[in-house]
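Coordinate inspection notes
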Amino acid sequence: MPELPEVETVRRGLEPAMVGARFSRVTLRRPDLRFPFPERFAKRLEGRTVTGLARRAKYLTAHLDSGESLIMHLGMSGRFDVALPDGSNLSPGDFYLEGALGNAKHDHVVMALNSGATITYNDVRRFGFMDLAPTETLAACRHFAAMGIEPLGDELTGATIARLFRHRITPLKAALLDQRLIAGLGNIYVCEALHRARLHPQAMAGTLAKPDGSPTRGATALAKAIKTVLTEAVAAGGSTLRDYAHPDGGAGAFQHSFRVYDRAGLVCTAKGCRGHVSRIVQSGRSTFFCEVCQK
């Protein structure tokens, strides 16, 4: 599933085509994706201008001049294609199953813009979805009301991690994947951040807070590692275990910078460490870490 860096890459790829443009026609080729489309979905979009395109965790939100926002989630296999007036095409973040690219039977939403561009949403598995909500109360809508803080925002600090994790006896990796605490983190980047912070994924989350609630050195290191990993991944155009391309057609490259993810059995890349990367399963997901330098 696309994680925060991949969704941010998609946002940056769509922004030039969408912001300032007006939906001239919206065609739905089926009544639903993961969920049914909202009532009068196409009509509520047509004639509206996109005033801004933002990201909240793994969601995209297009703000409209009608006072509503279009909420978009890519699910596991959702992707956007942009056909430009000059005949060229962009694919802002390709996350797709082999053989699905270019298969029009999976084109479920077609949005024609007044600029002459056309944005097509393609989703093989249909785990993605689209919704509409009032922009003014967007943070309180059903998708975001229980969502935690943004990991790339100023709010994420060692002190914040200590406050969120204090007294929690859940494994550290599980706490980091809890979207109610920190929103947008996924399996790949949690493994990478824990390795950089030298923290064991099975350690109890509550150990990152001292008895008085202040942050441990590990909490501070983890906050820094999360921001660094995500920032580097966004700059690299994201990563994926399947085909991926960012807006100019080049391949997302962060997978070539993995220090532990999908490297089981290989030598740990941490400076001065002679350990090897191990793989365990936590809550049905693979966790990669070094047993020597991650304590």
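Structural notes, computed from the coordinates. In this text the structure is predicted, and so the values were computed from the model without any measurement.

Turning to the overall build of the chain, a few remarks are in order. What the chain contains, in helices and strands, is 6 helices and 11 strands. A separation threshold of at least 6 residues defines the contact pool for the chain, and within that pool the share at least 24 residues apart is 65%.

Let us look at the nonpolar core. Membership of the largest hydrophobic core comes to 35 residues, with the highest contact counts inside it found for I161, F165, L172, L176, I182, L222 and I226. Taken together, the elements giving at least two residues each to this core come down to α3 (158–165), α4 (172–177), α5 (187–196) and α6 (217–235). Looking at which element gives the most residues to this core, the answer is α6, with 8 residues. In this view, L176 contacts F165, I182, L185, V190, L194, L222 and I226; residues no more than four positions away in its chain are not counted.

Before going further, it helps to spend a moment on the sheet that holds strand β5 (residues 78–83). If you walk across this open sheet you meet the 5 strands as β1-β7-β8-β5-β6, and the pairing is antiparallel. In this open sheet, the two strands that pair with only one neighbour each are β1 (23–28) and β6 (89–90). Where β5 lies against strand β8 (residues 118–123), 6 bridges are found, and the strand directions are antiparallel. Note on β8: the bridge partner recorded for F80 is Y121. Across the sheet, helix α1 (residues 4–18) lies against β1, β5, β7 (107–113) and β8, angled at about 35 degrees from β5, the strand it touches most.

A separate point is the state of the cysteines. Here a disulfide denotes a covalent bond joining the sulfur atom of one cysteine to the sulfur atom of another. By the definition in use, this model includes 0 disulfides. In this model C268 remains outside any disulfide bridge; the closest cysteine sulfur is found in C293, 3.7 Å from its own. Classification of C268 as buried rests on a relative accessible area of 5%.

Bringing the side chain of E6 into the picture now. Examined against the element boundaries, E6 turns out to sit in helix α1. Nearest to the buried, unbridged E6 among oppositely charged side chains is K58, at 8.2 Å. Only 2.6 Å separates the side chain of E6 from the side chain of Y189, close enough to count as a polar contact.

What follows concerns the packing of aromatic side chains. Enumeration according to the criterion identifies 7 aromatic pairs in this entry. Centre to centre, the rings of Y59 and F144 are 5.1 Å apart; their planes meet at 85 degrees, and the pair counts as edge-to-face. Note that Y59 is positioned in strand β3 (residues 59–64) and F144 in the loop between β9 (129–134) and α3, a separation of 85 residues in sequence. On the accessibility criterion, Y59 (14% relative accessible area) is buried. Relative to Y121, the ring of F80 lies with its centre 5.2 Å away and its plane at 55 degrees, an arrangement referred to as tilted. Here the residue F80 occupies a position in strand β5, and Y121 occupies one in strand β8, the gap between them amounting to 41 residues.

As a further point, take the sheet that holds β9. Read from one edge of the open sheet, 4 strands run β2-β3-β4-β9, paired in antiparallel fashion. Of all the strands in the sheet, the pair left with one neighbour each is β2 (50–56) and β9. Neighbour-to-neighbour, the strand axes of the sheet open up by a mean angle of 20 degrees, direction not taken into account. In the sheet, β2 pairs with β3 via 6 bridges, with the strands oriented antiparallel.

Before going further, it helps to examine the pairing of strand β10 (residues 277–282). Regular strands show a simple pattern: their side chains alternate between the two faces of the sheet. Pairing between β10 and strand β11 (residues 285–290): 6 bridges, direction antiparallel. Bridging across to β11, Q282 finds its partner in R285. Remark: 2 residues form the turn of the hairpin made by β10 and β11, two consecutive strands paired antiparallel; S283 in that turn has positive phi of roughly 50 degrees.

Okay, the layout of surface pockets next. By volume, the second largest pocket amounts to about 170 Å³. H195, R196, R198, A221, K224, A225, T228, R259 and A270 are the residues that line the second largest pocket. Secondary-structure elements contributing two or more residues to the lining of the second largest pocket are α5 and α6. It is α6 that provides the largest number of residues to the lining of the second largest pocket, a total of 4 residues. Across the lining of the second largest pocket, the residue classes tally to 3 nonpolar, 2 polar and 4 charged.

Conventions and cut-offs
- Residues numbered from 1 in each chain as written.
- Predicted model: local features only at pLDDT ≥ 70, side-chain atom pairs only at ≥ 80, totals over all residues.
- Heavy atoms only, no water.
- Helix = DSSP H or I, 4+ residues; strand = E, 2+ residues; numbered from the N terminus.
- Contact = heavy atoms within 4.5 Å.
- Core = buried A, V, L, I, M, F, W, Y, C linked by side-chain atoms within 4.5 Å.
- Buried < 20%, exposed > 50% of the residue type's maximum accessible area, 1.4 Å probe, protein only.
- Pairing = 2+ DSSP bridges.
- Axes fitted to C-alpha atoms, helices over the stretch in contact; angles between N-to-C directions.
- Disulfide = S-S within 2.5 Å.
- Lys, Arg positive; Asp, Glu negative; His and termini not counted.
- Salt bridge = Lys/Arg side-chain N within 4 Å of Asp/Glu carboxyl O.
- Polar contact = N/O pair within 3.5 Å; in protein donor to acceptor, adjacent residues only side chain to side chain.
- Phe/Tyr/Trp six-rings, centres within 6.5 Å; stacked < 30°, edge-to-face > 60°.
- 1 Å grid on protein atoms, 1.4 Å probe; cavity = no way out; pocket = protein on both sides within 12 Å on 5 of 7 lines; lining within 4 Å.
- Points joined across faces, edges and corners; volume = space filled by probe spheres on them.
- Nonpolar A, V, L, I, M, F, W, Y, C, P; charged D, E, K, R; others polar.

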